[in-house]
Amino acid sequence: MLAHVSARELAVTEAARFPNTPVRTIDGLHWDVLGLYARTLAGLAEAVRAGDVASAGIDSWAVDYALLRGTRMLGVPFHYRDERTARGVAAVHAVVPPAELFAVNGLQHLPFNTVFQLVVDRLDGVLDAADRFLLVPDLLTYWLTGTAAAERTNASTTGLLDARTGEWSTGLARRLGIPGRVLQPLVDPGADAGPLLPHVAAQLGEGAARLRVTTVGSHDTASAVVAVPATDADVAYISCGTWGLVGVELEHPELSDAGRAAGFTNERGVDGRVRYLHNVMGLWLLSESVRTWEADGGEVDLPGLVRAAGQVADPVPIIDVDDPGFLPPGDMPARITGWCRAHGVEPPATRAAVVRTILASLADAFARTVHRAAELTGRRVRTIHLVGGGARNAVLCRLTAASSGLPVLAGPVEATAMGNALVQARALGFVSGDLEALRALVVATHPPQEFRP
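Residues numbered from 1 in each chain as written. Predicted model: local features only at pLDDT ≥ 70, side-chain atom pairs only at ≥ 80, totals over all residues. Heavy atoms only, no water.

S.K.: Explain the state of the cysteines here, please?
M.R.: Formally, a disulfide is one covalent bond, and it connects the sulfur atom of one cysteine to the sulfur atom of another. Applying the stated rule across the entire model yields zero disulfides. For the unlinked cysteine Cys-240, the closest cysteine sulfur is that of Cys-397, found at 8.0 Å. Assessed through its relative accessible area of 0%, Cys-397 is described here as buried. (Disulfide = S-S within 2.5 Å. Buried < 20%, exposed > 50% of the residue type's maximum accessible area, 1.4 Å probe, protein only.)

S.K.: Got a minute to help me understand helix 1 (residues 33-50) in this structure?
M.R.: Residues spaced three or four apart along an α-helix point in a common direction, a consequence of the helix completing one turn every 3.6 residues. Between its first and last C-alpha, helix 1 extends 25 Å over 18 residues, near the 26 Å set by a 1.5 Å rise per residue. Along helix 1, the positions that sit buried rather than exposed are Val-33, Gly-35, Leu-36, Tyr-37, Thr-40, Leu-41, Gly-43, Leu-44, Ala-45, Ala-47 and Val-48. Against the buried residues of helix 1 lie strand 1 (2-5), strand 5 (55-56), strand 7 (72-73), helix 5 (136-145) and helix 8 (198-204). (Helix = DSSP H or I, 4+ residues; strand = E, 2+ residues; numbered from the N terminus. Expected span 1.5 Å × (residues − 1). Contact = heavy atoms within 4.5 Å.)

S.K.: I would appreciate a short explanation of helix 12 (residues 302-310) in the present structure.
M.R.: For helix 12, the full list of buried residues reads Gly-304, Leu-305, Val-306 and Ala-309. Buried residues along helix 12 sit against helix 11 (284-297), helix 14 (351-377) and helix 15 (394-404). The N-terminus of helix 12 is capped by Asp-301, whose side-chain oxygen sits 3.2 Å from the backbone nitrogen of Gly-304. (Polar contact = N/O pair within 3.5 Å; in protein donor to acceptor, adjacent residues only side chain to side chain.)

S.K.: What should I look at first to understand the environment of Ala-427 in this one?
M.R.: Locating Ala-427 in the fold gives a position in helix 16 (residues 415-428). According to the relative accessible area criterion, Ala-427 is partly exposed, its value standing at 41%. Separated by 197 residues in the primary sequence, Ala-427 and Ala-230 have C-alpha atoms spaced 21 Å apart. Setting aside chain neighbours within four positions, we find Ala-427 in contact with Gly-190 and Thr-214.

S.K.: What's the story with the packing of aromatic side chains in this structure? I'm lost.
M.R.: The description of an aromatic ring pair uses the distance of the two centres, along with the angle that the planes make with each other. Applying the stated criterion across every chain yields a total of eight aromatic pairs. Ring geometry for Tyr-80 against Phe-112: centres 4.9 Å apart, planes inclined by 50°, an arrangement best described as tilted. Taken together, the residues Tyr-80 in the loop between strand 7 and helix 2 (85-95) and Phe-112 in the loop between helix 3 (98-105) and helix 4 (114-123) connect sequence positions 32 residues apart. Of the two residues, Tyr-80 and Phe-112, neither departs from the other in class, the shared state being buried. With a centroid separation of 5.0 Å and 20° between ring planes, the pair formed by Phe-264 and Tyr-276 is classed as stacked. (Phe/Tyr/Trp six-rings, centres within 6.5 Å; stacked < 30°, edge-to-face > 60°.)

Pasting the structure below:
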């Protein structure tokens, strides 16, 4: 995305788009990280050709990483949906029980958190050869600039960051047999990662030599929350894409046992804020359903299917979208049918009804999570802001308003790109102020669409 930012302007346009498709090999499910890097370079070249680009910032999904020895990557990064993570959970909890682990890192238990994956690497002997691990956006930054560091918002999703201090918990790492040498220096959003390496700049063409890389909220949700168009505290947010990240913004972590039991997490945000949220499965359920239907018989008209789902008049079942059975790739409609039969309810009979079940179930989960976040933090939530790709889905927004009894303000769709760009622009001096000032610019330039309960 190419962004133009000033005190009165915030505009993002697409410079390039490319697929991100996992690859299954004999040892499991992996990311095609070299393909992603090649396409990143091609996209940067397109952006440089389009104008005088001052800075680039990289965000991505969380938890996944590459191991390196010197400059060499050791193997291909695993995908967090790979089945190997179960061994790591058992091994970690045998040493550090769940409640004790939460007391340190403040994270919702998710079986694919980095700490569990790294312990699998230790058990397999792979970690012995590594002298660092880099999360995906840190890896791409390293390949672009030669600067190896761990950006703090994404590092907070690893399970190895102390929730109170925002620093690596070297004691926890030591107990789990994770060598301290693999933990890279932490940097905050807005830091200068440096210019492009000469061979990278030469590959991108004229103008690239002036481009610098700026660290941003490299966990995509951290960037998205920067661009939530709200300047008051009485709001909850839903960053809705493959996952639905539902929560509130705090000044300090909330580490109560009630929060742990409810599955809430404390992740670092930009400017030291805390994203207190729960990970809901999200539109993964819908995208996997579409992939299944396309494999069965050609292209699917998703917008038409969503409109048809909005017109389904008969009641549909509400499923538990956080059921672990929905996590791996595969035939999602069949899994939804199986879940319904296992729980004694009639499964949806048509594709439109399946979509309605997914959207109504997501809305129900979003609403319950918002109210639980308010209860756990003592906050009064008056409005829900829904940003990201889900903001395009009027049926989902309307159902979320109905389920929660609260107004839903939808948009911007490109919140992650906007938040990423705003942090870069502030670091470069194009805009100034705290997060509320940055969000005021989003409100002024991209007013959201309101859905009343």
